[in-house]
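Structural overview for review
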Amino acid sequence: MSRIGKKLIEVPPTVKIEMDGQNLKVTGPKGELKTSIHRDIKAELKDGMLLVSPQKEIVSQRARGLWGLYRALIFNMVHGVQNGFEKKLEIEGVGYKAALQGDELVLNLGFVNPVKVKKPEGINFLVEKNVITISGISKAAVGQIAAQIRATKKAEPYKGKGIKYQGERVRRKEGKKVVAAKK
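Right, let's walk through the structure included here. Here the structure is a predicted model, which means the values were calculated and not measured. (Residues numbered from 1 in each chain as written. Predicted model: local features only at pLDDT ≥ 70, side-chain atom pairs only at ≥ 80, totals over all residues. Heavy atoms only, no water.)

**Section: the pairing of strand E5 (residues 41–46)**
Strand direction decides the pairing type here: E5 and strand E6 (residues 49–54), joined by six bridges, are antiparallel. By the bridge assignment, Lys 42 is partnered in E6 with Ser 53. (Pairing = 2+ DSSP bridges. Helix = DSSP H or I, 4+ residues; strand = E, 2+ residues; numbered from the N terminus.)

Structure (structure tokens):
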């Protein structure tokens, strides 16, 4: 039995859920998200609570895995349209900086040319000093664009220069030791 799948999803009064067969649409104050539920899983809305369960009484291995997955996806959709999600990235290094130019994030990371990242639909960028804030209603989209930005120049282990998530610890290595020449 899925421990995550058994949990009920509390739907706030400001969030509206519409189900049309296996299609699910969640609308809230921040926006609207849609998904299609696998045919082995069903979702039922009762008294402001959403219950996700398998379609059949005899649950297959695949349905058990999908049960918890779809419960988590729907929970993230409800949370996203209600509150939104955000990730913060820190830039560290001499001369490394980020700036917004229209709908593009321009990163100067020590390469010959600046790296330009286009803003996907539903995602917002905010740059303050050396911190980039990525926000949106879809947890997957926010995480994906944050990972792509971080991958352009990961924090290296010797000086810690590069891009890292806020609060991420970069494991530092000791550099080469200079030994004095003996005569």
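Still more ground to cover, so stick around.
**Some remarks on unusual backbone geometry**
Only a minority of non-glycine residues have a phi that is not negative, and only a minority of peptide bonds are not trans. One non-glycine residue, Asp 47, lies in the positive phi region at around 50°. The residue Asp 47 is located in the loop between E5 and E6 in this model. At Lys 129, a residue that is not glycine, the phi angle is positive and equals roughly 50°.

**Things to note about the sheet that holds strand E7 (residues 85–92)**
The four strands are arranged E11-E12-E7-E13 in an open sheet whose pairing can be described as antiparallel. The sheet is open, and its two edges are formed by strand E11 (123–128) and strand E13 (162–165), each paired on a single side. Taking the axes of each pair of neighbouring strands and ignoring which way they run, one obtains an average angle of 25° across the sheet. Looking at chain direction, E7 and E13 are connected through four bridges and run antiparallel. Bridge pairing in E13 places Glu 92 opposite Gly 162. The strands touched by helix H3 (residues 139–152) are E7, E11, strand E12 (131–136) and E13; relative to E7, the strand with the most contacts, the crossing angle is about 10°. (Axes fitted to C-alpha atoms, helices over the stretch in contact; angles between N-to-C directions. Contact = heavy atoms within 4.5 Å.)

**Re the environment of Asn 108**
Mapped onto the fold, Asn 108 is located in strand E9 (residues 104–108). Among the residues examined, Asn 108 registers a relative accessible area of 28% and is labelled partly exposed. In this structure the C-alpha to C-alpha distance between Asn 108 and Ala 98, which are 10 residues apart in sequence, comes to 6.2 Å. With residues up to four places along the chain from it excluded, the contact list for Asn 108 reads Gly 95, Tyr 96, Lys 97 and Pro 114. (Buried < 20%, exposed > 50% of the residue type's maximum accessible area, 1.4 Å probe, protein only.)

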